[in-house]
Amino acid sequence: MTSPLASCTSRSLLNTGWIFREGFDPAWITLPLPGGTVRLPHNAVDLPWNYGNETAYQQPFTYQRIFHWEDRFADKEVVLCFEGAMAATKVWVNGQLVADHADGYTPFEARLTDHLEEGENLITIAIDGSEDGDIPPFGGRIDYLTYAGIYRDVWLEVRPAITIENVKVEILDPMAETITAKVKVWLSNPQGQPVAGAILLDRLDQHGDPIGDPVGFPLISDEGEAELVLGNGFARWSPNNPVLHTYEVTYKAEDGQDSMTLRLGIRKAEFRPDGFFLNEQPLKIMGLNRHQSFPHVGYALGPEAQAQDADILKYELGVNLVRTSHYPQSKAFLERCDEIGLLVFEEIPGWQHIGGEAFKDRSVKNVEAMIRRDWNHPSIVLWGVRINESPDDNAFYERTNAVARALDPTRQTGGVRCITDSQLLEDVYTMNDFVLGEEHLPEFLQSRINRPRTPLRDQREVTGLTEIVPYLVTEYNGHMYPTKIFDGEERQEEHVLRHLEVLDAAHADPHIAGSIGWCMVDYNTHADFGSGDRICYHGVMTMGRAPKFAAMAYASQGFSASERPILEPATHWSFGDRKVGGVFPLVILTNCDAVTFHYGHDEPLTFLPAFSRFPYLPHPPVIIEATDIPEDKRIVWGQSWRDGLFTGLVSGQTVIERRFVADPMPTALEIDVAPLIRAQDAYQDRMVRLTARDQAGNRLPFLMDQIAITVDGPAILQGPTTAPMIGGVGAFWVRVLGDEPVTVDVQTASGVFAPQTVTLDG
Ligand code: GAL
């Protein structure tokens, strides 16, 4: 026998060469299927933009691959690592079942080692996209889609007999000058080889060279832990300074070694009755919920596109936290949250429904799988250990809480509910508070009859407790006020105001740690939800990640004018879109001190933010009422409509300007290729966004068109070759497969814009 540790793990993507078939037949376990191949991440059934039939993917599918023996496999562990496949997955190699995983969101492995033969081996994978009631979130109704397929990366790992399976680093006191960590290591040792070595932690600089001497401890069994002094003078991780420290963790024995790298962020995160504290400083949480879905291809976009969403949340929307509603999301997304300083509330799969014992056991396993995968991410500040919005079930939730606390004593638990007086088994009462707008509902749907318009409830009304507890609002708005990017401006204005009112209320109440709006982007959903076209228009952005006005409700709070001046009048600037006409009252989302408004050639009028209406917002909007316009300047139906000019002032200086033209016409098609985040990856799913602009550079809010997309170079368009442009915006994603530049031709069906070519490169 060769040494168990002759070399370190080698890792390569196994995303290509998969034959894909609808259905599954047990005979296929050993029968090589003919046909073309697909590339992972893969969506079993692509859906149209809207009006898609979600039952199309609720069935079995088969993936198959011929796997060629390589000499380097001899005496090695050979393992397939799946980052995620929806929903129930079974893997066979040469007819032997090697993996059986009943969750669509957590990783799993298939150990091929003992079943491989020299020459050709047959790997068959059956995945079942049906809504099996024993697997969360299934069994009831769900307001989102669970697209079937092997939708994340698959890796081939060739490992020595003993490898590092997992490492957990618990920083004992993140506020101390000298940082001490409890380091726990689990080895993978499927052959049961004797363990006699040591764990060493090397801190690395940005070039990958060790800083100082390693620290470590001896290891003589498959698990071990020790308290290690990591050193002094570590910069602490925070949203403004997301500093990560890279470590190489090595298991070193006489005859070899295995290593992995991990990144640590040193920070203290705590929900207290008086709010959320990061590194002992109060931080009001302003977050959004995120689904991991995309148009047409569902979940099946790779790390680049997933990470891009984190950048959008942080840099375009200005929020400081994301909730991974309602399941663990991709590693790439979380890695990016660590890198850019975006806090995360991660939760287990589920939606309102609690199933039987098998379902509950699976949920408890999901808590464990989520925490074991993600415990080293500094961005994660709370574990969600309830099925979203489920009723109380104390026995069940005592189990999920106990597992979370045993695995990770450094983080608090939450569990999202929409019910009041729920038993608080968690550390934080996390509540979806949809009270705003309920005054318009029939009495049987109101939480209290004749309550005036109220953005958020007092926490004691929700919890039913007399004492104040750590409390976080985890959803609001959403279905209470669905709003499309091409809706009329009165609806959009109300959409904006509702988001602002909740943010103001959350900022006002020191007993509310913060609020997480529903939600980041519109999403495809089941027929029981949404606007009838299988879309919930609940996002502050479209499915193509184009901002609605409400997006700027967040950005105007999240950024200071010196970081990024915001001046977004929530108007389509037309005389006749509102009832009766005009653009007033006009809500202007801004972080400036004051805004001036010129109408036509009239003298500018200056307006201050609406401090009295929104006393607690960091940056209240400016609101211009029709009566603020001098009487002789007011416009009525039949008069000529004129240009408008807005300027944003900081300390009396103009920092931003927005001009609106009275006669907007399609003038330019802006094509925005998202900057590359993960250049190191073998492929990237690049986002391309299109915006139709008028003479003044404003989006044409009612432009509807169709774009034809042609991709040239080593790349694959993700989705159909035509994409809709709705409300003046469109988007598509291109999978770039190498270092060669890829060109993309874009042509609008109407011909209103000249055809354009963009190049996707680093
Ligand atoms: C909540 C639910 C979300 C979404 C939202 C729409 O009840 O947790 O998943 O459906 O409503 O407002």
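Look a little higher up for the structure.
Because the structure is predicted, anything quoted here is derived from the model rather than measured.

Reading guide: rules and limits
- Residues numbered from 1 in each chain as written.
- Predicted model: local features only at pLDDT ≥ 70, side-chain atom pairs only at ≥ 80, totals over all residues.
- Heavy atoms only, no water.
- Helix = DSSP H or I, 4+ residues; strand = E, 2+ residues; numbered from the N terminus.
- Rg over C-alpha atoms; globule rule 2.2 N^0.38 Å.
- Buried < 20%, exposed > 50% of the residue type's maximum accessible area, 1.4 Å probe, protein only.
- Contact = heavy atoms within 4.5 Å.
- Areas by Shrake-Rupley, 256 points an atom, 1.4 Å probe, with all protein chains shown as cover.
- Lys, Arg positive; Asp, Glu negative; His and termini not counted.
- Charge placed at Lys NZ, Arg CZ, Asp CG, Glu CD.
- Pairing = 2+ DSSP bridges.
- Axes fitted to C-alpha atoms, helices over the stretch in contact; angles between N-to-C directions.
- Phe/Tyr/Trp six-rings, centres within 6.5 Å; stacked < 30°, edge-to-face > 60°.
- Lys NZ or Arg CZ within 6 Å of the ring centre and 35° of its normal.
- Salt bridge = Lys/Arg side-chain N within 4 Å of Asp/Glu carboxyl O.
- Expected span 1.5 Å × (residues − 1).
- Near = heavy atom within 4 Å.
- Polar contact = N/O pair within 3.5 Å; in protein donor to acceptor, adjacent residues only side chain to side chain.
- Nonpolar A, V, L, I, M, F, W, Y, C, P; charged D, E, K, R; others polar.

Here's the deal with the overall build of the protein chain
So, point 1. Counting secondary structure elements, the protein chain contains seven helices and 46 strands.
So, point 2. A globule of 762 residues ought to have a C-alpha radius of gyration of about 27 Å, and the protein chain, at 27 Å, matches this closely.
So, point 3. If one aligns the C-alpha atoms of the protein chain with their principal axes, the spans along those axes are about 95 × 60 × 55 Å.
So, point 4. The proportion of buried residues among the 762 residues of the protein chain is 58%.
So, point 5. Partitioning the contacts of the protein chain with sequence separation of at least 6, the portion at a separation of at least 24 is 68%.
So, point 6. In the structure as shown, the protein chain presents an accessible area of about 28,500 Å², 50% of it carried by carbon and sulfur atoms.
So, point 7. Distance from the positive charge centre (63 side chains) to the negative charge centre (106 side chains) of the protein chain: 3 Å.

Here's the deal with the pairing of strand β18 (residues 269-272)
So, point 1. With burial as the criterion, only one face of β18 is covered, namely that bearing Ala269 and Phe271; the residues Glu270 and Arg272 on the opposite face remain uncovered.
So, point 2. In this sheet, strand β19 (residues 275-278) lies alongside β18 in antiparallel orientation, the contact comprising four bridges. Looking at the pairing, Ala269 lines up with Leu278 of β19.
So, point 3. Counted between consecutive antiparallel strands, the loop separating β18 from β19 contains two residues.

Comments concerning the sheet that holds strand β44 (residues 729-736)
So, point 1. Ordered in space as β39-β40-β44-β42, the four strands form an open sheet in which the pairing is antiparallel. Of all the strands in the sheet, just β39 (668-673) and β42 (715-718) have a single pairing partner and so form its edges. The sheet shows a mean angle of 25 degrees between the axes of neighbouring strands, taken without regard to direction.
So, point 2. Where β42 lies against β44, four bridges are found, and the strand directions are antiparallel. Paired with Gln718 across the strands is Trp733, a residue of β44.
So, point 3. This element, helix α1 (residues 303-316), spans β40 (684-693) and β44 of the sheet and lies at about 45 degrees to β40.

Quick word on the packing of aromatic side chains
The geometry of an aromatic ring pair is captured by the separation of the ring centres together with the interplanar angle, meaning the angle of the planes.
So, point 1. Counting across every chain of the model gives 33 aromatic pairs.
So, point 2. Ring geometry for Tyr599 and Trp641: centres 5.8 Å apart, planes at 55 degrees, overall tilted. In this pair, Tyr599 is assigned in strand β34 (residues 594-599) and Trp641 in the loop between β36 (622-624) and β37 (644-650), connecting sequence segments 42 residues apart. Taken as a pair, Tyr599 and Trp641 share a single burial class, namely buried.
So, point 3. In this structure an aromatic cluster arises from ring pairing among Trp573, Phe575, Phe584, Phe597, Tyr599, Trp637, Trp641, Phe646 and Phe660.
So, point 4. One cation-aromatic arrangement involves Lys484 over Tyr537; the distance from NZ or CZ to the ring centre is 4.9 Å.
So, point 5. One Lys or Arg, Arg491, reaches over the ring of Tyr481 and ends 4.0 Å from the middle of that ring.

Regarding unusual backbone geometry
So, point 1. Each neighbour pair has its own omega, and for Ser325 with His326 the value is -10 degrees, a cis peptide bond.
So, point 2. In this fold, His326 is placed in the loop between β22 (321-324) and α2 (331-340).
So, point 3. Phi at Glu389 takes a positive value of approximately 60 degrees, unusual for a residue other than glycine.
So, point 4. Of note, Glu389 is situated in the loop between β24 (380-384) and α4 (394-407).
So, point 5. Unusually for a residue other than glycine, Asn477 sits at a positive phi of about 70 degrees.

A short note on the pattern of salt bridges
Side-chain pairs of opposite charge can arise where the charged atoms are in close proximity.
So, point 1. The final tally for this structure, using the stated rule, is 55 salt bridges.
So, point 2. In this structure, Glu368 and Arg372 form a salt bridge, with 2.9 Å as the shortest nitrogen-oxygen distance. On the criterion of helical spacing, the pair formed by Glu368 and Arg372 is a turn pair, its members being four residues apart in helix α3 (residues 357-374).
So, point 3. A relative accessible area of 33% places Glu368 in the partly exposed class.
So, point 4. Residues Glu426 and Arg386 are paired through a salt bridge, measuring 2.8 Å at the closest nitrogen-oxygen approach.

A few points about the side chain of Gln446
So, point 1. Among the secondary structure elements, Gln446 is positioned in the loop between β27 (429-432) and α5 (459-463).
So, point 2. Excluding residues that lie within four positions of it along the chain, Gln446 makes contacts with Glu438, Glu439 and Leu441.

Some details on helix α6 (residues 489-508)
So, point 1. Helix length check: α6 (20 residues) gives 28 Å between terminal C-alpha atoms against 28 Å at 1.5 Å per residue, within 8%.
So, point 2. When you tally the buried positions in α6, you get 16 out of 20 residues, the bulk of the element.

Quick word on the site of the ligand
So, point 1. Lining the immediate environment of the ligand, one finds 13 residues, of which Asp143, His326, Trp351, Glu389 and His479 sit closest.
So, point 2. Glu475 places a side-chain nitrogen or oxygen 2.7 Å from an oxygen atom of the ligand.
So, point 3. Within the side chain of His479, an N or O atom sits 2.5 Å from an oxygen atom of the ligand.
So, point 4. When its residues are assigned to classes, the shell around the ligand shows four nonpolar, six polar and three charged.

A short note on the sheet that holds strand β5 (residues 77-82)
So, point 1. Spatial ordering of the open sheet is given by β1-β10-β5-β8, a layout of four strands whose pairing is antiparallel. Either end of the sheet is taken by a strand with one partner, and the two such strands are β1 (10-13) and β8 (108-111). Sheet twist, expressed as the mean angle between neighbouring strand axes with direction ignored, is 25 degrees.

Some words on the pairing of β44
So, point 1. Here β44 lies mainly inside the structure; eight of its eight residues are buried.
So, point 2. Neither face of β44 is left uncovered, since the one carrying Val729, Ala731, Trp733 and Arg735 and the one carrying Gly730, Phe732, Val734 and Val736 both have all their residues buried.
So, point 3. When β40 meets β44, the two strands line up antiparallel, connected through eight bridges. What sits directly across from Val688, in β44, is Phe732.

Re the environment of Ala85
So, point 1. Summarising the element assignment, Ala85 is placed in the loop between β5 and β6 (88-93).
So, point 2. Measuring from C-alpha to C-alpha, the distance between Ala85 and Leu343 comes to 26 Å, with 258 residues separating the pair along the chain.
So, point 3. Apart from residues no more than four positions distant in its own chain, Ala85 is found in contact with Asp103, Gly104, Phe108, Gly149, Ile150 and Tyr151.

Brief notes about the environment of Ile380
So, point 1. Position of Ile380 among the secondary structure elements: in strand β24.
So, point 2. Relative accessible area serves as the criterion here: at 0%, Ile380 is assigned to the buried category.
So, point 3. C-alpha separation for the pair Ile380 and Ile135, spaced 245 residues apart in sequence, amounts to 25 Å.
So, point 4. Discounting chain neighbours no more than four positions away, the residues touching Ile380 are Arg267, Leu334, Val344, Glu346, Asp374 and Arg411.

Looking at the side chain of Asn698
So, point 1. Tracing the backbone shows Asn698 in the loop between β40 and β41 (705-712).
So, point 2. By relative accessible area, Asn698 is classed as buried at 5%.
So, point 3. Within the structure, the side chain of Asn698 is placed 2.7 Å from the side chain of Arg658, a separation counted as a polar contact.
So, point 4. In contact with Asn698, not counting residues within four places along its chain, are Arg658, Arg659, Phe660, Ala692 and Arg693.

Some details on α2
So, point 1. Counting buried residues in α2 gives seven out of ten residues, a clear majority hidden from the surface.
So, point 2. Where α2 is concerned, the buried positions are Ala332, Phe333, Leu334, Arg336, Cys337, Asp338 and Ile340.
So, point 3. Next to the buried residues of α2 lie α1, β22, β23 (343-347), α3 and β24.
So, point 4. Where α2 terminates, the next one or two residues include Gly341, which has phi positive at roughly 80 degrees.

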